[in-house]
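As a plain string of letters, each chain reads:
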Amino acid sequence: MKAKDNLIKLRDKLKKYSRQYYNSNPTINDSQYDDLKKKYDHLLLKNPELKKYDDLGIGTSPSSKFKKFNHFEPMLSLSNSFSLSDTEEFFDKASNFLKKQNLNYIFNVDCKIDGVSLSVIYKNNKLFKAITRGDGVVGEEITENVLGIRGIPKLLKNCKSDLIEIRGEVFFFRNDFEKLNKQFEKKNQFSNPRNAASGSLRQINSKITKNRPLRFIPHGYGKFTYEKEFLNFEEFLNFCQKNNFDQTGYSKKYDNLIDIYNYISDIEKKRSSINFDIDGMVIKINDLDLQRMLGSTNKFPRWAIAAKFSSEEALTQVEKIELQIGRTGAITPVARLKPINIGGVIVSNATLHNFDEITRKDIRINDFVWVKRAGDVIPYVSRVDTEKRKKSNKKFNIPKKCLCGSKIIKIEDEAVQRCSAGKNKCKFQNLESFKHFVSKKAMNIDGLGEKLIEKFISLNLISSKLDIYKLENHKDKIITLDGFGEKSFLNLIDSINKSKITYLSRYLFSLGLRYLGENNSELISMYFKNKTRFKNFIQSKKLREKLENIDGLGEKAISSFVNYFSDEINIEESFALLDVIEIIENKDSKISLNKSILFTGTLQKMSRDRAKELAKKKGYKIASNVSKNLDILVFGEKSGSKLKKAKDLKINILNEKDFLNLIN
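Now for a quick tour of the structure. From a predicted model like this one, the values you see are computed outputs, not experimental measurements.

1. Comments concerning the overall build of the protein
Across its full length, the protein carries 24 helices and 24 strands. The buried share of the protein, reckoned over its 664 residues, is 48%. The long-range fraction of contacts in the protein, counting pairs at least 24 apart against all pairs at least 6 apart in sequence, stands at 68%. Entry remark: accessible area of the protein is about 34,500 Å², with carbon and sulfur atoms responsible for 47%.

Here it is as structure tokens:
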């Protein structure tokens, strides 16, 4: 039942996100959707009896605003690949389906344009219908809207089929998209070219569509009546060229996947210089007879796959450089950028890491820089395009004072520079300290975000962490704030009260000490066990000695802990907090604290954070990489190089089920 419930929840989420995507208002990016889809597919694979609940389909239902049209053949989407091994496995399955081994496939590879799918149908060589994908079976007829789109000829001059269906992507060139967006007020601008293409194509007023510089490039075909019109995909592309359809210019033919992935790597490096958005490359078996023999599942063809890019790089301009101050006083310079679309996400900020990094890369205000999203998450400046630099762009002056006015200091052997004032004197550190305290992995107080914390500080409702647990006394003042009311107030107080029952490890982590992350907080909590022992040891003259007896706790963490609790103000606040919260006691673990464990790949029954928490409660140390000192590696899907290295080092390897058996 649990698997069924999980599948239905995931299915309904994916349906919602698909509707948003096809109606140009997505709330998650492509990589987040892909992650959810992988979990969904894995659930179906592991639980084939649940296939009766799988009605996810393709695309989304056609809009009632347009006339509906049944596709001659379903317009399917593509299965995704995220590595060479994924693609090899996909085409191995194709060979197994044909019951033939070691087939020498010829492949065609071309750009996967991030646009809107469209089918254009020609009858007796004249443009007859234009149909959106819709749900893959039924689409929307928008023939009038496509008449002005570049790359869609009204007549075919080199075609023998009485009826032929050409499928492709409608999209904007990047420079055309920028010009279009300038016509609108900022609040009405499109977030990316794909959304703009979808919104422009499906207009009730066809004049609006015709006035926008949309383009079309074919990537496939549906029905065609003359069976020898083209015999392979290469001939199909030649057919398109003869009939005045545009092409990407990046299509190539190969006889092996290694060469294909070398080519994909080259395209990925230059994707930002291509004048249209692409999020991967499509690999197809070239031979049409083989394509027909392989056919399709109810969602994907068995003869084509999308090789998705890992991350994207884009060129933009640094408008200014600002400072961010962390809870421990660490100062991080941040580049404020001219907004740029990277992988479907609008990026306007990038970390510059530290001042040494600015100096090393010589990053200046008004410079043009290449920005990457690390793991498609955190944007950073990879390099400066010095050829575009103007002489007026001056070197960045490294500040000597924090935003609070205190001196900036640099500690030996550290790249990061810090504010010399403590959190009690630096309002920026203080704010970050509050944010950390209420965060999910610390006290987990939902609903108390940065803006609300700032508001409460400005109203003198909170000046210490303990004050958070006294907010209930300020009901009359809080419910009069903008966006607040009785219900919002009660929800916040409920969240605060729930946080009062927690683990010692979470409490320690919430204090925000340097070098006291989740792992070290867990190690200390396993030693102290409950708050009575903790209070006694904190006030003991042998505190350092006790901490040094904890295996795995390093000197930096020990010194940070001792220094923090040598301050009477810190002791007073931390003890006062302990008096209002209830600590769930850690029982003795049967597992040695000397054991280390590492998780890699995607787990199916839980998140990696949840798996780590379970392991830590059993006394395991969480490792960050594979080495000969690692005791256990737990692997999930797409485990990659860590799993291979662990096998080479003969480390104890467990799957998710083995891990659950171990901790239970």
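2. Quick look at the pattern of salt bridges
Applying the stated rule across the entire model yields 28 salt bridges. Ionic pairing is found between E141 and K129, a salt bridge with its closest N-O pair at 3.2 Å. Residue E141 is located in strand β6 (residues 138–141), and its partner K129 is located in strand β5 (residues 126–132); the two are separated by 12 residues in the primary sequence. The pair E141 / K129 is uniform in exposure class, with both members buried.

3. Here we look at empty space enclosed by the protein
With the rule as written, the count across this model stands at 3 cavities of 30 Å³ or more. Residue assignment for the lining of the second largest cavity shows that the elements contributing at least two residues are α17 (518–528) and β22 (621–622). The element that contributes the greatest number of residues to the lining of the second largest cavity is α17, accounting for 4 residues. In terms of residue class, the lining of the second largest cavity is made up of 5 nonpolar, 2 polar and 3 charged.

4. Here we look at a positive patch on the surface
Among the surface-exposed residues, K9, K13, K16 and K39 lie close enough to one another that they form a single positively charged patch. Ranked by residues supplied to the positive patch, first place goes to helix α1 (residues 2–22) with 3 residues. By secondary structure assignment, the location of K16 is in helix α1.

5. Details of the nonpolar core
Membership of the largest hydrophobic core comes to 51 residues, with the highest contact counts inside it found for F456, I468, Y507, F534, L547 and F561. Leaving out residues up to four positions away in the same chain, Y507 has contacts with M443, F534, S574, F575, L577, L578, I581 and I583.

6. Things to note about the sheet that holds strand β11 (residues 304–308)
Sheet architecture is open: 5 strands sit in the order β2-β11-β10-β3-β9, paired in mixed fashion. Every interior strand has two partners, whereas the edge strands, β2 (79–81) and β9 (252–254), have only one. Sheet twist, expressed as the mean angle between neighbouring strand axes with direction ignored, is 35 degrees. Relative to β9, strand β3 (residues 107–113) is paired through 3 bridges, and the arrangement is antiparallel. Bridge pairing in β9 links F107 to Y254.

7. Digging into the pairing of strand β10 (residues 278–285)
Of all 8 residues making up β10, 8 are buried, and the element is well covered by its neighbours. As defined by bridge partners, β3 adjoins β10 across 6 bridges and the pair is classed as antiparallel. Bridging from a neighbouring strand, I113 pairs with I278 of β10. Both β10 and β11 contribute to a ladder of 5 bridges, which runs antiparallel. What sits directly across from V282, in β11, is A306.

8. Brief notes about the sheet that holds β22
A sheet is described by the order of its strands in space; here 4 strands give the open sequence β22-β21-β23-β24, paired in parallel fashion. At either margin of the open sheet sits one strand with a lone partner, and together these are β22 and β24 (652–655). Examined bridge by bridge, strand β21 (residues 596–600) and β22 share 2 bridges and lie parallel to one another. Note that in β22 the partner of I597 across the bridge is I622. Sheet strands in contact with helix α23 (residues 641–648) are β21, β23 (632–635) and β24, and its direction is about 145 degrees off that of β23.

9. Focus: the packing of aromatic side chains
Overall, the coordinates contain 31 aromatic pairs when judged by the stated rule. Its guanidinium or amino end placed over the ring of F128, K129 lies 5.2 Å from that ring's centre, counting from NZ or CZ. Taking NZ or CZ as reference, R302 lies 4.1 Å from the ring centre of F97, over its face.

10. A closer look at α17
Among the 11 residues that make up α17, 8 are buried, leaving the element largely enclosed by the rest of the structure. Within the sequence span of α17, burial applies to N520, S521, E522, L523, I524, S525, M526 and F528.

Cut-off values and rules
- Residues numbered from 1 in each chain as written.
- Predicted model: local features only at pLDDT ≥ 70, side-chain atom pairs only at ≥ 80, totals over all residues.
- Heavy atoms only, no water.
- Helix = DSSP H or I, 4+ residues; strand = E, 2+ residues; numbered from the N terminus.
- Buried < 20%, exposed > 50% of the residue type's maximum accessible area, 1.4 Å probe, protein only.
- Contact = heavy atoms within 4.5 Å.
- Areas by Shrake-Rupley, 256 points an atom, 1.4 Å probe, with all protein chains shown as cover.
- Salt bridge = Lys/Arg side-chain N within 4 Å of Asp/Glu carboxyl O.
- 1 Å grid on protein atoms, 1.4 Å probe; cavity = no way out; pocket = protein on both sides within 12 Å on 5 of 7 lines; lining within 4 Å.
- Points joined across faces, edges and corners; volume = space filled by probe spheres on them.
- Nonpolar A, V, L, I, M, F, W, Y, C, P; charged D, E, K, R; others polar.
- Patch = residues over 30% accessible without salt bridge, like charges linked within 9 Å, V, L, I, M, F, W, Y side chains within 5 Å.
- Lys, Arg positive; Asp, Glu negative; His and termini not counted.
- Charge placed at Lys NZ, Arg CZ, Asp CG, Glu CD.
- Core = buried A, V, L, I, M, F, W, Y, C linked by side-chain atoms within 4.5 Å.
- Pairing = 2+ DSSP bridges.
- Axes fitted to C-alpha atoms, helices over the stretch in contact; angles between N-to-C directions.
- Phe/Tyr/Trp six-rings, centres within 6.5 Å; stacked < 30°, edge-to-face > 60°.
- Lys NZ or Arg CZ within 6 Å of the ring centre and 35° of its normal.

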